[in-house]
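Examining the three-dimensional arrangement
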Amino acid sequence: MSNPYAKLPGWAEYGLIPLVNLVVAFLVAGLVVLLVGENPLEAAYHMINGAFGRGEYIGFTLYYATTFIFTGLSVAVAFHAGLFNIGSEGQAYIGGIGVALACLWLDKTMPWFVVFPLAIFGSAAFGALWAFLPGWLQAKRGSHVVITTIMFNFIASSLMVYLLTRVLKPLGSMAPQTRTFEAGGQLPKLDWLMSIFGLDLGNSPFNVSFLLAILAAFGVWVLIWRTKLGYEMRTMGHSPSSARYAGIGEARITVIVMMISGGLAGLMALNPIMGEQYRMQLDFVQGAGFVGIAVALMGRSHPAGIIPAAILFGMLYQGGAEIAFEMPAISRDMIVIIQGLVILFAGALENMFRPAIGRAFASIGRRSAAAAQTRGA
Amino acid sequence: MEFFHTIIAILESTIRVSVPLIFAALAGLFTERAGVFDIGLEGKMLGAAFAAGAVAAVTGSVMMGLLAAILISVLLSLVHGYASITQRGSQIVSGVAINFIVAGSTVILGEAWFKQGGRTPALAGDARFQTVTFPFADAVKDVPIFGPIYSNLLSGHFILTYVAFLLVPFSWWVLYRTRFGLRLRAVGENPGAVDTAGISVIWLRYRAVICCGILCGFAGAYLSLAMSAGFVKGMTAGKGYIALAALIFAKWRPVNIMLACLLFGFLDALAIRLQGNPLPLIGQVPVQLMQALPYILTVILLAGFIGKAIPPKAGGIPYVKER
Amino acid sequence: MSDIAIELRGIDKSFGLVHANKNINLTVRKGTIHGIIGENGAGKSTLMSILYGFYQADSGDIVVDGNKVTIKDPNAAIASGIGMVHQHFMLVENFTVLENVMLGAEDSQILNTSISKARVELKRLEKEYALEVNPDALIEELPVGLQQRVEILKALYRKADILILDEPTGVLTPPEADHLFRILGQLKDQGKTIIFITHKLREIMAITDEVSVMRRGEMVATRHTKETSVEELAELMVGRRVLLRVEKGTANPGEVKFAVENLTVRDGRGVTMVDNVSFNLRAGEIVGIAGVAGNGQSELLEAISGIRKAVGGTVLLNGKPIDVTGHVDPRELRDRGLAHVPEDRHHVGLVLKFEEAENGILGYHHDKRYLNGVFLNTKAIQADAEEKIKKYDIRPPNPRLKTANFSGGNQQKIVLAREMERGPDVLIIGQPTRGVDVGAIEFIHKRIIEMRDQGKAVLLVSVELDEIRALSDRIIVMFAGRVVGERDPDATEGELGLLMAGVEGRKEAAE
């Protein structure tokens, strides 16, 4: 019944262990770099330089981080209710429809700050809709959400190909994408925020959806730990039978949580569509939904952990591009490896180093106790 | 007669695309029946395909390629086993991780070693599987009905194709007629029963996971050594997930797995064949719908609208001795 | 050859901070039934798990048949001739009896030959020990008593000479238990050695030759059963005279607060667990439901508290019906004055990963006192928790501590405080003192009586007959899902025991 591992102080539990897991993931990634005959330290230098070396780089890093905050929150919210939403990828993809519709409708007539709230609503609504079905199927029909969301990712992908090649594509165009939005469909960049720190944003697409992401993170914190719904979610996540006893409707919570999770995933679409490309393209999500799994695991499903974890992955994405440029043998696929390693070490193997760390703490505790005793004597 | 030839052609490509699905779904059958869920079929298959393509290109031997595929796939399985059996981590998280690690490393290593944009060099001759022609296949080719069926549909496939179809009854036999199979099914239902009977749950599950690795190795080798002449990045293209869907669709039973894979393969073959051509009676069907159909069907099955898929009872739960 | 089957010398085992077995010495003679008795958590199961190779002792020796052995896994135990019937059966439900019996003891790689050999051997065992069971039946289709028989057959099939039974009667009806005792007697006559673990004194007296008593991880005494008494054993188990009588005045029952009429409940498999049950609760009385575990009490509790849907019947709470066959919201029942202390506090009554204060509002989290709109009022929740901690003497007095870190008794107090302090009209309590230390038991019993004296209607379900007799003003006995009788608390243990066994009940029903 009790925790099989020794109890650790909070900072070790939430700081040290994730850090150790992360370091190991990077060490293994370093081995892959060695394997292709390059110098891992040089790669690390390019990565960090590429991510933070200039205002523009930082802008790109934060641009990617914005995306990952949304998807990380999406996965984390579901985790709290004991649900594993692997479908953030597809929900973000479908969420794009909401953004595109708002922009295509109003971009020529309205300013961005009118279109933006509509696009927020649209993206969240479409994302939530795509998560509703798996949630409903689990709640009412008992089909496991892990499997159905995987299936829904593929269905979303086929659906979007269809929409972008047949429906949303402007007449006469060959490319599977919507038309480019006018000013109303373009989010302003956060030059002012960067200039406070004396940085120049350059060409990077760092935009106001970052602020929305921070707001969403705060909102998720409030939701989970400060609302009745969050209390009900956590009850269900920890103990479904207690939830039933407390009169917490499992079906209701499952559906609501999946929709919140899907809505958060959908918001991610704002960043690339309105913030960078100013149109909806095929495959604009580019695996961000899956990065969200890594981010949520790294951040221990807590918004205060998810933001740094998302920035870390933003750094990988931006710095990874720099490595690819400087060291052609290492393409951006390196990031995918690191992402997988982080998921492996921070997720599936999260307990691997815990016993050793626990023992270390126990022996330090004993030694200092012994030392105190000898001093006392 | 034209229609008949079209049918034969579609069925022939159905078999071709079903083979990796059958290998992979049977692979999943072994681990999932033992209580270890595996959404890393995709990654293992991809890793195996790469290993096969790379080693066959370097050694010029198709057998070395196949062995390398099996070796890599088993290694990946062992990583999954270590995470989910020994460390009792989340089986789903571990599977996801493996898919990513492989997706990234095959490209990086492929590019570093062969510099062909993530491909391995094109294979020819002994470095690739050859098709097997049945006796008299040429002679009976023009016999109506029987001719095309014998010489096009049954004959002329790769040896691995026949292996895949033979593995279906073989897997059934292993699971239901051997001691190993009995224990494997037991450990997926109630590991406590296996443990108290004096059998190691951990070693049994590791063996199941290794079986999965071997079969995924075949699946990957088929992709890069038979179906194509070499490895292309991301060449599994979701086949691992379709195999997973087929496994569920088949309710974790060997013969059903073959039928489910053939069905999904048929949909795929049909989609390729149609490519904008209208379907008789139904009319124009978007190719994307055909591609999504396996997933849609699986969701409908999971929803319990056509039967109920009940997974092994201990599936997904790490075994902890009770206190 | 020695006449000692098993000797344990200085067995010691700790799990983290819990010292489960302390320097245990035990000698079990061949061809005897040796009882091991002790309260829940005394360390009996741990000791037997060490003997069966499930855990390894930290120190100490195991001597089987005169030879010192190392039992590193169940395989080694089986090889030493030790077989075990577990409390929770270790059977594969969708396998046949035959498949379960031979699992792990197949004699070839190919099943067919194993199956035919096993069938012959099973037939022989069935005959030799009168343990009949259809070898081709699926386990999930067998009643519990037969499933246990399969467990015994499994051990015999592996040529066990020493049979360990861990709390074997917990899931059995009295006739099934009697049948089990007959089987055990027969096995003894055939020269088998049996170690019988239980916390029920009656069973020890009925069938064992010798008995060893465990208390808090220690082996405190071994006696010849003939030379000891229930009283002595009880004292050895608990460490002091057990207070079987709780101080309480006479009840003043008032109006009917809760009425159950013709309630029928089925479980997930469609088996009728509660069959046409009727009773009522008056204000200011405690009604106890006695019965062997698994006779429908759990399902009854779940149905009347809104956790499980009933298939028929009506329930009136304060005179107004509860829609037990349709959708019942446990929240609505709470609002209407029903409080429920569930049988299983670990998985139902509490969320162990929550802080103490968070568990203090479980089920009452809709209450405006704890909320600001849709937000939690953390200050109010904290203050509420601190008040209850003081009143119920919950230790350690820290509302921010994770619930898993409290002892069983304190966890139970957390649940009781939450349910009792709301001032409900009707209080339903399942297994109030299961896994609770002696000190807390007294406190809990007193609180229950207090609730009665305040005029609450209390329904008490417990498998501890002593507890039922000590607390109840009326006793209802359930057997096989039915109410088979109602008695005063003065009814003798024997009379109630017969009712619980379904013997008297059947007669009454027939009349």
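Residues numbered from 1 in each chain as written. Chains lettered and ligands numbered in written order. Predicted model: local features only at pLDDT ≥ 70, side-chain atom pairs only at ≥ 80, totals over all residues.

**Some words on the overall build of chain C**
Helix and strand counts for chain C stand at 18 helices and 22 strands. The globule rule puts the C-alpha radius of gyration for 511 residues at 24 Å, and the 25 Å found for chain C is close to it. Seen along its three principal axes, the alpha-carbon backbone of chain C occupies a region of about 70 × 50 × 50 Å. (Helix = DSSP H or I, 4+ residues; strand = E, 2+ residues; numbered from the N terminus. Rg over C-alpha atoms; globule rule 2.2 N^0.38 Å.)

**A closer look at the overall build of chain A**
In terms of regular secondary structure, chain A is built from 16 helices and zero strands. Relative to the 2.2 N^0.38 estimate, which gives 21 Å for 377 residues, the radius of gyration of chain A is 22 Å and therefore close to what a compact globule would have. By its C-alpha atoms, chain A is 85 × 55 × 40 Å across when sized along the principal axes. In chain A, buried positions account for 57% of the 377 residues. The long-range fraction of contacts in chain A, counting pairs at least 24 apart against all pairs at least 6 apart in sequence, stands at 77%. (Buried ≥ 20, exposed ≤ 12 C-beta atoms within 10 Å, placed from the backbone. Contact = placed C-beta atoms within 7 Å.)

**Side note on helix α1 (residues 44-51) of chain C**
Taking burial as the measure, the eight residues of α1 of chain C include eight buried ones, the bulk of the element. Taken together, the buried positions of α1 of chain C are occupied by Lys-44, Ser-45, Thr-46, Leu-47, Met-48, Ser-49, Ile-50 and Leu-51 of chain C.

**Description of the interface of chain C and chain A**
Many descriptions give the size of an interface as the accessible area lost when the pieces come together. Facing 21 residues of chain C, the contacting portion of chain A comprises 16 residues. Mapped by element, the contributors of at least two residues to the side of chain C that touches chain A are α10 (330-335), α11 (345-349) and β18 (375-376) of chain C. Tallying contributions element by element places α11 of chain C first for the side of chain C that touches chain A, with four residues. Partitioned by chemical class, the residues of the side of chain C that touches chain A number 13 nonpolar, five polar and three charged. (Nonpolar A, V, L, I, M, F, W, Y, C, P; charged D, E, K, R; others polar.)

**Re helix α4 (residues 88-106) of chain A**
Its 19 residues give α4 of chain A an end-to-end C-alpha distance of 27 Å, which sits within 8% of 27 Å, the value for a rise of 1.5 Å per residue. Among the 19 residues that make up α4 of chain A, 15 are buried, leaving the element largely enclosed by the rest of the structure. (Expected span 1.5 Å × (residues − 1).)

**Here we look at the sheet that holds strand β15 (residues 320-322) of chain C**
Residue and element names in this part refer to chain C. Strands sit in the order β12-β11-β14-β15 across an open sheet of four strands; the sheet is antiparallel. If you trace the sheet from one side to the other, it starts and ends with β12 (272-282) and β15, each paired once. Each adjacent strand pair in this sheet contributes to an overall mean axis angle of 25°, direction not counted. Here three bridges tie strand β14 (residues 312-317) to β15, and the two strands are oriented antiparallel to one another. Each bridged residue has a counterpart across the sheet, and for Leu-317 the counterpart in β15 is Lys-320. (Pairing = 2+ DSSP bridges. Axes fitted to C-alpha atoms, helices over the stretch in contact; angles between N-to-C directions.)

**So, the sheet that holds strand β5 (residues 67-69) of chain C**
Residue and element names in this part refer to chain C. Across the sheet, four strands lie side by side as β2-β1-β4-β5; this open sheet has antiparallel pairing. Strands at the two margins of the open sheet, each flanked by one partner only, are β2 (18-29) and β5. Going across the sheet, the axis of each strand differs from the next one's by a mean of 25°, ignoring polarity. Note that strand β1 (residues 4-15) and β2 share eight bridges and pair antiparallel. From the neighbouring strand, Leu-8 faces β2, where its bridge partner is Leu-26.

**Concerning the pairing of strand β4 (residues 59-64) of chain C**
All names here are of chain C. Pairing analysis gives five bridges linking β1 to β4, with the strands arranged antiparallel. Of the residues in β4, the one forming a bridge with Glu-7 is Val-63. Summarising the sheet, β4 and β5 pair through three bridges and their orientation is antiparallel. If you follow Val-64 over to β5, its bridge partner there is Asn-67. The antiparallel hairpin formed by β4 and β5 contains two residues in its connecting segment, where Asp-65 sits at a positive phi of about 55°.

**Focus on the environment of Val-17 of chain B**
Along the chain, the position of Val-17 of chain B falls in helix α1 (residues 2-33). Val-17 of chain B sits 244 residues away from Cys-261 of chain B along the chain, and the two C-alpha atoms are 8.9 Å apart.

**Topic: the confidence of the model for chain A**
Residues and elements named next belong to chain A. Residue-level pLDDT values for chain A average 90, and 96% of them are 70 or greater. The least confident element of chain A, judged by mean pLDDT, is helix α16 (residues 354-376) at 73; the most confident is helix α8 (residues 209-226) at 97. Low pLDDT, under 50, characterises residues 1-5; the stretch is placed with six contacts to residues that sit more than four places away or in other chains. (pLDDT = per-residue confidence, 0-100.)

**A word on the packing of helix α6 (residues 145-167) of chain A against helix α12 (residues 287-302) of chain B**
It is at 9 Å that the axes of α6 of chain A and α12 of chain B come closest, and there the two elements cross at 155°. One element, α6 of chain A, and the other, α12 of chain B, form an angle in the roughly antiparallel class. As α6 of chain A packs across α12 of chain B, the resulting crossing turns out to be left-handed. On the side of α6 of chain A, the interface is formed by Ile-147, Thr-148, Met-151, Phe-154, Ile-155, Ser-158, Leu-159, Val-161 and Tyr-162 of chain A, while α12 of chain B contributes Gln-288, Gln-291, Ala-292, Tyr-295, Ile-296, Thr-298, Val-299 and Leu-302 of chain B. In terms of residue class, the contact of α6 of chain A with α12 of chain B is built from twelve nonpolar, five polar and no charged. (Parallel < 35°, antiparallel > 145°, perpendicular 65-115°, else oblique. Left-handed = near helix turned anticlockwise from the far one by under 90°.)

**Some remarks on the confidence of the model for chain C**
All names here are of chain C. Confidence in the prediction for chain C averages 88 pLDDT; 95% of positions are at 70 or higher. Long-range and interchain partners of residues 505-511, a stretch whose pLDDT sits below 50, account for six contacts in this model, where long-range means more than four residues apart. Both scores are given for the predicted complex: the pTM is 0.86, the ipTM 0.90.

**Focus on the packing of helix α7 (residues 179-189) of chain B against helix α9 (residues 201-227) of chain B**
All names here are of chain B. Here α7 crosses α9 at 110°, and the two axes come no closer than 10 Å. Our classification of the angle between α7 and α9 gives roughly perpendicular. Packed against α7, whose contacting residues are Arg-183, Leu-184 and Val-187, the element α9 presents Val-201, Leu-204, Arg-205 and Ala-208 at the interface. Along the lines of polarity and charge, the residues of the contact of α7 with α9 split into five nonpolar, no polar and two charged.

**Observations concerning the environment of Gly-289 of chain A**
All names here are of chain A. Position of Gly-289 among the secondary structure elements: in helix α13 (residues 288-298). Assessed through the 28 C-beta atoms surrounding it within 10 Å, Gly-289 is described here as buried. Placed 146 residues apart in sequence, Gly-289 and Ser-143 show a C-alpha to C-alpha distance of 21 Å. If sequence neighbours within four positions are ignored, Gly-289 has contacts with Thr-71, Ser-88, Glu-89, Ala-92 and Ala-265.

**Side note on the environment of Ile-7 of chain B**
Residue and element names in this part refer to chain B. Tracing the sequence through the fold places Ile-7 in helix α1. The class for Ile-7 is exposed, based on 12 C-beta atoms found within 10 Å. Spatially, the C-alpha atoms of Ile-7 and Leu-270 are 9.7 Å apart, while their sequence positions differ by 263 residues.

**Observations regarding the pairing of strand β9 (residues 210-215) of chain C**
All names here are of chain C. Counting buried positions along β9 yields five of six residues, so the element is predominantly enclosed. In terms of strand pairing, strand β3 (residues 33-37) meets β9 through four bridges, oriented parallel. Paired with Ile-37 across the two strands is Val-213, which belongs to β9. Taken together, β9 and the strand that follows it, strand β10 (residues 218-224), pair antiparallel across an intervening segment of two residues, in which Arg-216 is found at a positive phi of about 45°.

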